[in-house]
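Listed here are the chains, written in short residue letters.
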Amino acid sequence: MERQRLKSVALNKIDIHDLFWNKYIDLVEDVILPFQWELINDQVEGAEKSYCIRNFRTLIEKNGEPHRGMVFQDTDVAKWLEAVAYSLAKKKNGHLEELADQAIDLIEGAQCEDGYLNTYFTITGKERWTNLLEGHELYTAGHMIEAGVAYYEATGKEKILKVVRRFADYMCTVFGAEEGKNHGYPGHPEVELALVRLYHVTGEKRYLELSDYFVRTRGEKPCYFDTENCRKEGNYMFPEFADFENDYLQVHMPLREQTKAEGHAVRAVYLYCAMADLASEYQDEKLLEQCDKLWENITQKRMYITGSIGSASFGERFTCDYDLPNNTNYSESCATIGLAMFSNRMFQITRDGKYMDTVELALYNTLLSGIAMDGKHFFYVNPLEVIPEVAEKNPTMRHVKTTRQKWFGVACCPPNITRTLASMGNYMYAVGENTLYSNLFISSEISAPLECGEISVKLSADYPDNGEIRYEITGKEAGEFVLAIRRPHYCGFCIVKINGEEVSYEEERGYIYLERSWQPGDIVELSLDVAFRFIHCNPRVYENIGKIALVRGPRVYCLEEADNGNYLKSVLVSPETEIAEVYREDLLGGTLCASFRGKRIDYSNAGTNLYGTEKPAYEEDTLTAVPYCEWNNRGKGEMIVWLREQE
């Protein structure tokens with residue numbers, strides 16, 4: 001295996017100015033990060049308490065206060081700090097940097113002399129590393145390391161990097177195969193991918209080797225978790241763990257034998273991210289093949305049309321192939337982000353566009369459904385069908401919120417969404433040798449280092465509202481290089497022009513390769529097929545038999561009560577119906593809607609008897625669909641993605 005992994009383009013070399021995406025990205029610096037700082041400082045009235053910063057102050061001040069919140073509460077500030085780092089990498093902001101430095105001072109102050117860092121175990125005095133199954137020590141360490149690396153790379157400040165290096169150095173003395181060391185691994189994967197990042201920025205190979213140890217040991221027999229007291233004595237920190245088998249933790253068999261995505265969805269995709277990283281670092285073709293098998297299982301048998309994963313709320317987990325309920329699903333925002341991270345890694349290693357198709361699907365749908373357009377309200381769970389009264393009164397749906405929340409007691413999703421929005425550039429472009437890969441059609445200007453020198457390109461698009469994509473070679477000089485443009489899998493046709501003339505092109509694994517000696521002012525134009533279309537689901541998905549969903553490009557559409565009234569499950573639509581495009585400037589900052597005819601039950605004549613022989617009467621109606629990612633921005637109401645198909 002000789003694969004040179006592609007690299008992301010530095011965030012400060014990408015200027016995003018996109019009509020659609022800037023509605024969200026511009027909120028990060030101005031609204032979301034300051035608001036989330038207030039949240040983790042417990043300063044927002046009506047929001048669930050974080051206690052995160054308070055725990056650090058408790059530890060530093062030795063004021064005798066108990067630890068509050070979850071065992072992994074430290075990750076609230078870690079992910080916030082990582083998001084700040086990505087924001088600062090693009091644009092300096094003295095106020096945000098000052099807040100971040102305050103947080104770093106607290107983190108440094110809470111670190112133990114030997115390098116250990118965890119407010120829960122330090123405040124409570126509970127023994128370290130004795131409950132890897134549930135304790136989230138290594139998971140929390142991973143997020144702290146990611147924050148430290150990102151902040152150092154953005155600002156050049158070494159304080160937080162030194163903190164996380166001391167922690168990692170300490171972990172290297174604790175864990176490993178050697179006699180006398182702890183032979184365990186994380187209950188919740190995350191530190192594995194973080195250690196690879198730390199290796200990249202420091203060059204210290206022991207961090208890579210520790211990550212490799214954690215991954216390759218996982219699933220070996222006997223299972224390490226069986227040796228921990230929580231299992232032997234049944235004294236669980238989280239009582240539900242008594243019901244979980246080893247597949248929940250991805251330790252039921254060695255990773256090299258696993259071909260199906262099992263268990264907790266976030267744990268799984270974070271682990272797969274590390275597997276992909278290690279496959280690349282060690283040029284391990286077998287491990288890469290396992291990653292692809294797992295990715296195929298997820299995307300072809302266990303993923304929602306919106307790019308979300310995790311169909312069961314109990315355990316926030318995968319269940320079995322084709323089990324994709326629409327109204328009780330979990331579809332955690334973090335799981336979708338993890339899938340995008342995993343898919344992006346697989347693309348960078350293999351240069352196969354199928355992975356970026358999934359990234360695009362996840363980002364345009366579930367990532368954005370997780371955040372309101374005011375930047376201050378969030379979904380943890382992302383259902384595809386909601387009837388508010390049912391969701392609020394049926395205990396089996398208590399995980400489904402009918403309006404976005406300001407914060408959560410377990411608040412992993414809001415800062416995870418924030419760090420993803422702040423680092424969107426990492427998904428948009430990639431470079432390798434003398435090729436620039438364009439993955440997402442987001443209006444932007446970029447300067448990228450290639451073998452021919454630094455090149456500059458301007459991308460203009462209003463995608464997926466229309467499929468006209470334009471690239472302009474800018475700068476004083478250009479050179480001979482390859483522009484590789486992803487052709488989305490759904491695209492029925494693709495016309496390419498260079499300087500106004502249609503050209504033939506090479507296409508390989510989902511990318512259009514255009515190689516020539518480019519000159520400043522050269523124009524590449526793509527015409528992509530992004531027309532509205534109805535999608536059918538594999539009939540093995542019982543929930544969607546006889547149903548269709550409306551999509552445009554990568555964007556999934558839904559019906560909302562605000563436009564169509566209630567009883568949306570009664571709607572019937574023919575896939576042959578004509579769809580009118582209606583752009584509404586007054587709706588949600590400008591939204592392309594779909595208008596089409598359908599039928600629905602006439603409830604005025606439905607009567608009140610619970611059962612009877614009379615068939616319901618249907619009436620014609622005009623329906624309006626809006627992008628799924630924007631639902632619930634106009635108040636509480638019904639929503640549905642999958643519509644009953646009229647034959």
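Residues numbered from 1 in each chain as written. Predicted model: local features only at pLDDT ≥ 70, side-chain atom pairs only at ≥ 80, totals over all residues. Heavy atoms only, no water.

What's the story with the overall build of the protein in this structure? I'm lost.
Check the secondary structure of the protein and you find 18 helices and 23 strands. Its C-alpha atoms give the protein a radius of gyration of 25 Å, near enough to 26 Å, the size a compact globule of 647 residues would have. With the C-alpha coordinates of the protein rotated into their principal frame, the extents come out at 70 × 70 × 50 Å. For the protein, contacts bridging at least 24 residues in sequence account for 72% of all contacts bridging at least 6. Accessible surface, the protein: about 25,100 Å² in total, of which carbon and sulfur atoms supply 45%. Looking at charge distribution, the protein has the averaged site of its 70 positive side-chain charges lying 2 Å from that of its 101 negative ones. (Helix = DSSP H or I, 4+ residues; strand = E, 2+ residues; numbered from the N terminus. Rg over C-alpha atoms; globule rule 2.2 N^0.38 Å. Contact = heavy atoms within 4.5 Å. Areas by Shrake-Rupley, 256 points an atom, 1.4 Å probe, with all protein chains shown as cover. Lys, Arg positive; Asp, Glu negative; His and termini not counted. Charge placed at Lys NZ, Arg CZ, Asp CG, Glu CD.)

What exactly am I supposed to notice about helix H6 (residues 137-155) here?
Residues separated by three or four positions in an α-helix point in the same direction, a consequence of the helix having 3.6 residues per turn. Taking 1.5 Å per residue, 19 residues should reach 27 Å; H6 reaches 27 Å between its end C-alpha atoms and fits that length. Trailing H6 by a residue or two, Gly-156 shows a phi angle of about 80°, which is positive. (Expected span 1.5 Å × (residues − 1).)

Is there a simple way to think about the side chain of Asp-76 in this case?
Mapped onto the elements, Asp-76 comes out in helix H3 (residues 75-90). As a buried residue without a salt bridge, Asp-76 has its nearest oppositely charged side chain in Lys-79, at a separation of 6.0 Å. Setting aside chain neighbours within four positions, we find Asp-76 in contact with Ile-40, Ser-50, Cys-52, Trp-407, Ala-411 and Pro-415. (Buried < 20%, exposed > 50% of the residue type's maximum accessible area, 1.4 Å probe, protein only. Salt bridge = Lys/Arg side-chain N within 4 Å of Asp/Glu carboxyl O.)

Can you help me understand helix H2 (residues 52-61) in this one?
Buried within H2 are the following residues: Cys-52, Ile-53, Asn-55, Phe-56, Thr-58 and Leu-59. For H2, the secondary structure elements touched by its buried residues are helix H1 (22-40), H3, helix H4 (94-110), helix H5 (119-124) and H6. At the exit of H2 stands Lys-62, carrying a positive phi of roughly 50°.

What is the right way to look at the sheet that holds strand E7 (residues 453-460) in this model?
Strand pairing in a sheet relies on backbone hydrogen bonds. The paired strands run either parallel or antiparallel. The seven strands are arranged E2-E6-E7-E8-E14-E10-E11 in an open sheet whose pairing can be described as antiparallel. Two strands in the sheet have a free side with no partner beyond their single neighbour: strand E2 (14-16) and strand E11 (501-502). (Pairing = 2+ DSSP bridges.)

Just checking my understanding: could you explain the pattern of salt bridges for this structure?
Opposite charge on two side chains lets them pair, provided their charged atoms get close. Within the structure shown, the criterion is met by 48 salt bridges. In this structure, the salt-bridge partner of Lys-354 is Asp-292, at a minimum N-O distance of 3.1 Å. Of the two residues, Lys-354 is situated in helix H14 (residues 353-369) and Asp-292 in helix H12 (residues 285-301); the sequence distance between them amounts to 62 residues. Judged by relative accessible area, Asp-292 falls into the partly exposed class, the value being 23%. A salt bridge links Asp-586 to Arg-584; the shortest N-O distance between them is 3.4 Å. Residue class for Asp-586 comes out exposed when judged on its relative accessible area of 62%. With a relative accessible area of 26%, Arg-584 lands in the partly exposed category. Salt bridges sharing common partners tie together Glu-560, Asp-563, Arg-584, Asp-586 and Arg-634.

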